[in-house]
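Read off the chains here:
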Amino acid sequence: MNNLQRIDINMSLNRKDAIALYNDISYLEEIAHNDILPFQYNTNMKFSDDVWDFSHYRKVNVNKSCLRLRFTNVAEELERELKKYILDLIIQNRVKIITLNRKLAIIKNFLSFIGDVHIYYYQDITIDILNAYIEYKTISLSYKYSTMRELLSFFEFLERQSISFLSKELKEICKGINQKLILARRGERKTPNIPSKYFDNLLASLITISNNAEEPIRFRAISCMLLILSQTGLRISELLFLKENDLKTMKLSNGTSTNYILYRTWKCVRGNNVSSLVEIFCNQIAFDAWQKLLEFKETRKLKEATEFIYVDNYTDNPIKQLELPTSANRFMDRMQLFFYTYDKLIPSVALPIEDRKNLSTINYRVKGTRENPKKQLEIVPLTYPTTIQYRVHVCTALYEKGVPLEYIKRYMGHLTREMEGYYVRPKKYKQENVEYSRKVLNNIVTGKTKLLGGESQQLTDRIQKFIEDNPEKVYPNVDEIIDTLLETVPIRQKIGGVCIKGTVIRDCSKDEITNKLYCAYGVCPNLFHFFYNIDVSYRKIKELTQSLNINEKRGLKKQVQKEKNMLASIILHQFLPEFKELKRVIQRDGTEKVKQEYPSIKYIVNNIDSIESEVELWKKIK
């Protein structure tokens, strides 16, 4: 048996003895009577201590305050049973310490309340007292549900301790809140995504600051950390725990290499003070930021002082007051100062109300100003994205590009399946991007780009028939035609193409699960594409051929055959039609115009002859 910090208990128990001990919890009273805490390590802690401090045994980047269990502000007559309850949870080792602290706080609030009304015995708790507490506390419905759930668990523990007061009516009050309603409201209050326009400016500004040798290193380091955060979506405690050797390079079968980060997470590991390693892709932006952080350490002679890529002190005396790893709270202080300092690049101070939407705004205390350091203390509204919003942004971007939720769960370090979509903020299904939909329809109506896909000809014919049935809306009134089509033809951008369905074609006939499956594998009849999506199909083919070669060497015959089938389908139904249409458009408009209008396919246009030779090799794969 382990306690919540994975410190072995001074008991050598086999499974049978452990079960017997759990069923007979009188041992807790013996521990309390002897005033000991039965941990293997000499913690010098007693059962009677006001604080049980486990912070000295921290192996993960959890705030030290979370590792201190405080039993203050509870009447002495009530404290003993509360400590026994918390100790029982420690020994079970099923609850993470942050959750344990939250449980303790909830119960302490209730015990403080009943102490204030001079109730010092649990047996005196009545329905009226519980109802009075519920009315007394001005709390949200969600917190009220958590309170009742934790109190019920505590009351049931007291029952096992032969402290009987939990009547059927009292139990019903604790169970009476609608959990489904709570979950629904939680969904409405999810952390919002970072607005796209703001994020684009933020990213460009962070790169500018990180590259500017004239800026102070401490601010350049913050910008580098935010760049890595913006590209990986790591939790802030995971980010601050990264070490120099956590950046890895992998050689691919085609001779190129890719970078990834091997980070430590404890959120997706059951138990406490333990972590697991998870790999996550490191793109060029994050890679460059990482290298700069190493340069900053080298400049300040910090390389020998610590392996962590970020340190909190880049002064000439770097070892003094160096906290390793940097705590999340300390980083937040530095980050807020960063946004205040670079207000001109990243508007953050005293923004209009409309510019604060979906961002966090705090009353920031400034000691002096940049222009006048001796100015008296002032308070300004400071607006910036919270660190968790970067995680939301990355998860949402992955989801919108077609990355399966299961992949997001694995590489973002989520523990349960319910967390797969927790950080995803998909757009509501309507005309999601009016300008994009208008451009797509304009290209179809005017014949500028040919629609490709399984039922593309039928859709094109029906749109043409729609135009012919409305002779008053002929060219040059294309805008009027498109405005009408926008109301009846829902268009959703997909990775490598678009989903077009609605009354002009038909409603989607698939049930929800089947529909998701069809979309995921790109075989839905409502999925269409254009020649300028060829960069996506080309990338799919390259990735499949690399994976196929690796799996062939590993002898994974079934996986190889599956990938060959997928490869043949993508080549036949996506790439070749796009490639044929691309050559036609180049002949019509010229190479330079195509590259200028569709920069994402510039590589393919420039290498069209060599890629055509590649196609012939792909076709021979059977």
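Residues numbered from 1 in each chain as written. Predicted model: local features only at pLDDT ≥ 70, side-chain atom pairs only at ≥ 80, totals over all residues. Heavy atoms only, no water.

Some details on the side chain of Asn 101
Tracing the backbone shows Asn 101 in helix H4 (residues 97-116). Exposure remark for Asn 101: the relative accessible area of 18% places this residue in the buried category. With residues up to four places along the chain from it excluded, the contact list for Asn 101 reads Ser 65, Cys 66, Leu 67, Arg 68 and Leu 69. (Helix = DSSP H or I, 4+ residues; strand = E, 2+ residues; numbered from the N terminus. Buried < 20%, exposed > 50% of the residue type's maximum accessible area, 1.4 Å probe, protein only. Contact = heavy atoms within 4.5 Å.)

Some remarks on the side chain of Thr 387
With respect to the element layout, Thr 387 can be found in helix H14 (residues 387-400). Other than its neighbours up to four places away in sequence, Thr 387 contacts Leu 229, Ile 236, Met 332 and Met 335.

Some details on the sheet that holds strand E3 (residues 247-251)
With antiparallel pairing, the three strands of this open sheet are ordered in space as E3-E4-E5. Each edge of the sheet is formed by a strand with only one pairing partner; in this case those strands are E3 and strand E5 (276-281). Going from strand to strand, the sheet's axes swing by 35 degrees on average, the running direction of each strand aside. Here strand E4 (residues 257-265) runs beside E5; their pairing, made up of six bridges, is antiparallel. Considered in E5, the bridge of Tyr 263 is made with Val 278. (Pairing = 2+ DSSP bridges. Axes fitted to C-alpha atoms, helices over the stretch in contact; angles between N-to-C directions.)

Comments concerning the environment of Cys 66
Assignment of secondary structure puts Cys 66 in the loop between strand E1 (51-53) and strand E2 (68-70). Residues Cys 66 and Arg 102 lie 36 residues apart in sequence; the distance between their C-alpha atoms is 9.3 Å. Those residues in contact with Cys 66 that sit more than four places away from it in its chain are Ile 97, Ile 98 and Asn 101.

Considering unusual backbone geometry
Although it is not a glycine, Asn 73 adopts a positive phi angle of roughly 65 degrees. One can find Asn 73 in the loop between E2 and helix H3 (76-92). Residue classification places Asn 73 among the exposed residues on the basis of a relative accessible area of 67%. Here the phi dihedral of Ser 162 falls at roughly 65 degrees; this positive angle occurs in a residue that is not glycine. Position of Ser 162 relative to the elements: it lies in the loop between helix H6 (141-160) and helix H7 (168-175).

The quantities given are spatial measurements derived from coordinates; they are silent on function.
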